[in-house]
Amino acid sequence: MSVASLRTLKVMVFLACLAPLARLVAGAFGIAGESLGANPIETLIHSLGIWGLNFLLITLAVTPLRGLSGWAWPLRLRRMLGLFAFFYVLLHFLVYAGLDQRFDLGVILEDIAERPYITVGFSALVLLLPLALTSTRGMMRRLGRRWKKLHRLVYPIAILGVWHFYWQVKLDTLEALVYAGVLAVLLGYRLIDYWRTQHGRRAHRRRTIRKPAGLSL
């Protein structure tokens, strides 16, 4: 893919990532016939959380897409997608804290401590923060190998996100179970790929050890 094509693709993906927020803003102000329904704050909180989880899973899907298709360009979009996941999760929390709880710190802390699904969701947000702050190329260079180790937090974050969603819905858990299934597939792909890589390395070492001395084939 050429540099110009990649830039065009990035712009298109960036605008597409903003589309859910634009629709929610339109609904909040009654623009173009959009509406947030009878409980707009609840709709905002739920929708922003869902889109945060969507972008988190889309980010995790980049590696399997790269491995199965052989395309390199999805990797160039992964950082943007990950930052949009953090952006929507942060908005999800801010709408809860600001519009629902009026930034009453006492009530918010009580909710975090006593309501398990909020505890889990807030934990995911806290873990996402260092990933967002270290997403630049400069931080990648400074952290070196530690950068990869830090960004593996995305796996428990995704689990916490699905868990938060599942505990929140109370009765109709079908949608949350679908998200759990998608996450299981994405993490399962990584486990299988890791096992194949390790198995290949061990097999290569065994072949190297068994090679007769003096041969350089």
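Refer to the preceding data block for the structure.
In this report, we go over the structure that sits alongside the text. (Residues numbered from 1 in each chain as written. Predicted model: local features only at pLDDT ≥ 70, side-chain atom pairs only at ≥ 80, totals over all residues. Heavy atoms only, no water.)

On to the overall build of the protein. When you go through the protein residue by residue, the secondary structure sums to 9 helices and 0 strands. Secondary structure elements of the protein occur, N-terminal to C-terminal, as α-α-α-α-α-α-α-α-α. At 21 Å, the protein has a C-alpha radius of gyration far larger than the 17 Å of a compact globule built from 217 residues. C-alpha extents for the protein along the principal axes are approximately 80 × 45 × 35 Å. In the protein, which comprises 217 residues, the proportion classed as buried is 34%. When the accessible surface of the protein is totalled, it reaches about 14,100 Å², and 66% of it is carbon and sulfur. The protein carries 27 positive and 10 negative side-chain charges, and their two centres are separated by 30 Å. (Helix = DSSP H or I, 4+ residues; strand = E, 2+ residues; numbered from the N terminus. Rg over C-alpha atoms; globule rule 2.2 N^0.38 Å. Buried < 20%, exposed > 50% of the residue type's maximum accessible area, 1.4 Å probe, protein only. Areas by Shrake-Rupley, 256 points an atom, 1.4 Å probe, with all protein chains shown as cover. Lys, Arg positive; Asp, Glu negative; His and termini not counted. Charge placed at Lys NZ, Arg CZ, Asp CG, Glu CD.)

As a further point, take the packing of helix 4 (residues 105-114) against helix 5 (residues 116-133). Between helix 4 and helix 5, the least distance of the axes is 5 Å, while the angle of their chain directions is 100 degrees. In this view, helix 4 runs roughly perpendicular relative to helix 5, as classed from their interaxial angle. Contacts between helix 4 and helix 5 involve D111, I112, A113 and E114 from the first element and P116, I118, T119 and F122 from the second. When the residues that make up the contact of helix 4 with helix 5 are grouped by side-chain class, the tally is 5 nonpolar, 1 polar and 2 charged. (Axes fitted to C-alpha atoms, helices over the stretch in contact; angles between N-to-C directions. Parallel < 35°, antiparallel > 145°, perpendicular 65-115°, else oblique. Contact = heavy atoms within 4.5 Å. Nonpolar A, V, L, I, M, F, W, Y, C, P; charged D, E, K, R; others polar.)

What follows covers the environment of Y96. Along the polypeptide, Y96 turns up in helix 3 (residues 78-100). Between the C-alpha atoms of Y96 and A4, which are 92 residues apart in sequence, the distance is 40 Å. Excluding residues that lie within four positions of it along the chain, Y96 makes contacts with I45, Q101, I108, D111 and I118.

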